[in-house]
Amino acid sequence: MSLLVLVLSVSAACCLGFGFVLQQNAASRAPLNDFLSPRLLLDLVRVPSWLGGIGLMVCGMVLGAVALGKGEVSQVEPLLATNLLFALGLSRHRTKKPLGRQGWSGLALLAGGVTAFILAGRPRGGDAVSDPLRHWLIIGAMTGLALLLTTYAKRSRLGAAPVLLALAAGMLYGVQDALTRVSGQRFGAGGWAELLTGWQPYAVLVLGVSGLVLVQSAFETAELRMSLPALTAAQPLAGILCGVGFLGDRLRTDVGALTWEAAGLAAIVTGIVLLGMHPAMPAGAKRTEPARDLQRR
């Protein structure tokens, strides 16, 4: 992995982590009748702190897109998962709560898992799969599962909804990252004409808006520790699946490498859960708070 890809990916994770905290702080005060509705974004766009969070998220996505253009999806996605470290850092600064055993354990597992996966797998580029059927099968499976999770979340409302919506959004964002890389390759090959004549950039836009509605609805209904771990865990797993499935990313496949890759992914997920459930993560506002208070944030 080049130093440039490392710096870009970690910088993107920093922007994403800070942005998620600011977004959740505003979305937790939004009226519940906007749940899973585009009206939620129209309400939140009037909130300065939410706009700041969106601005940071956009910066993170741009940096991540550049990193994806310079490296492989299977390299960049695990590094983007470290956004949780920055989210916890900002939350801890606000709450003044110590990391403790849970925080340090989660940090070690997340950092160690990312390192183990990259060193063992040694992700490298290859020839993308030209068969469109493979593309549509993987993308269809990801988006279909996200739709199924969203349907169950709509039924459960304030029960398991935050976790289900975050998982669905993470899957959509993972697919979005993969298609962002394809769009970058098309632009590099033929400029704007080549980019705009393909379906990929439009799919990136649709996935981005859909994922944003799901994430804000998850942030709206529960504290950050309920949603951010699921979002952070699902995105790299979906992205790596797309990278290996149809983008041509290659990982080492001998027994020893596969063992360490699996252990690394397990450590990443475990670390994400420990950090995401840390008491320093901000809690949501009381749901009885009047909707007009949203505009005061």
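Definitions and limits used
- Residues numbered from 1 in each chain as written.
- Predicted model: local features only at pLDDT ≥ 70, side-chain atom pairs only at ≥ 80, totals over all residues.
- Heavy atoms only, no water.
- Helix = DSSP H or I, 4+ residues; strand = E, 2+ residues; numbered from the N terminus.
- Rg over C-alpha atoms; globule rule 2.2 N^0.38 Å.
- Buried < 20%, exposed > 50% of the residue type's maximum accessible area, 1.4 Å probe, protein only.
- Contact = heavy atoms within 4.5 Å.
- Expected span 1.5 Å × (residues − 1).
- Bend = angle between axes of the 7 residues up to and from the residue.
- Patch = residues over 30% accessible without salt bridge, like charges linked within 9 Å, V, L, I, M, F, W, Y side chains within 5 Å.
- Areas by Shrake-Rupley, 256 points an atom, 1.4 Å probe, with all protein chains shown as cover.
- Salt bridge = Lys/Arg side-chain N within 4 Å of Asp/Glu carboxyl O.
- Core = buried A, V, L, I, M, F, W, Y, C linked by side-chain atoms within 4.5 Å.

**Re the overall build of the protein chain**
If you tally the helices and strands in the protein chain, you get 11 helices and zero strands. For the protein chain, the N- to C-terminal ordering of α and β elements is α-α-α-α-α-α-α-α-α-α-α. Computed over C-alpha atoms, the radius of gyration of the protein chain comes to 19 Å, within 12% of the 19 Å expected from 2.2 N^0.38 for 297 residues, which places it in the range of a compact globule. Its C-alpha atoms give the protein chain principal-axis dimensions of roughly 55 × 45 × 35 Å. Taken over 297 residues, the protein chain has a buried fraction of 52%. Sequence separation of at least 24 residues holds for 87% of the intrachain contacts in the protein chain that already meet a minimum separation of 6.

**Regarding the environment of Phe18**
Structurally, Phe18 is set in helix H1 (residues 3–27). For Phe18, a relative accessible area of 28% translates into the label partly exposed. Taking the C-alpha atoms as reference, Phe18 lies 7.9 Å from Asn83; in sequence the two are 65 residues apart.

**A few points about unusual backbone geometry**
Phi is positive for Arg122, which is not a glycine, with a value near 45°. Topologically, Arg122 is positioned in the loop between helix H6 (100–121) and helix H7 (132–156). Looking at Arg122, the relative accessible area reads 53%, which means it is exposed.

**Focus on helix H8 (residues 161–196)**
Between its terminal C-alpha atoms H8 stretches only 36 Å, short of the 52 Å expected from 36 residues at 1.5 Å a residue. The axis of H8 is deflected most strongly, by about 135°, at Gly190.

**Considering a nonpolar patch on the surface**
On the surface, a nonpolar cluster with roughly 460 Å² of combined accessible area is contributed by Phe187, Trp192, Leu196 and Tyr202. The element that contributes the greatest number of residues to the nonpolar patch is H8, accounting for three residues. Relative to the assigned elements, Trp192 resides in helix H8. The exposure class of Trp192 is exposed, given its relative accessible area of 58%.

**A few points about the nonpolar core**
For soluble globular proteins, nonpolar side chains are generally found buried alongside one another. In terms of nonpolar packing, the biggest core is built from 77 residues, with Leu228 and Leu231 touching the most fellow members. Broken down by element, this core gets its largest block of residues, 13 residues, from H8. Excluding residues that lie within four positions of it along the chain, Leu231 makes contacts with Phe20, Ala166, Ala169, Gly170, Tyr173 and Val215.

**Quick look at the pattern of salt bridges**
Per the counting criterion, the structure on display carries five salt bridges. Between Asp249 and Arg181 there is a salt bridge, with its nearest N and O atoms 2.7 Å apart. In this pair, Asp249 is assigned in the loop between helix H10 (224–246) and helix H11 (255–276) and Arg181 in helix H8, connecting sequence segments 68 residues apart. The exposure class of Arg181 is buried, given its relative accessible area of 9%. Bridged by salt links that share partners, the residues Glu72, Arg181 and Asp249 form one connected network.

**Section: helix H9 (residues 200–221)**
In this model H9 runs 32 Å from its N-terminal to its C-terminal C-alpha over 22 residues, within 8% of the 32 Å that 1.5 Å per residue would give. A large share of H9 lies buried, amounting to 17 of its 22 residues.

**Re the environment of Pro162**
Residue position: Pro162 is located in helix H8. Sequence-wise, Pro162 and Gly256 are 94 residues apart; in three dimensions their C-alpha atoms are separated by 37 Å.

Worth remembering: the numbers are spatial, not functional.
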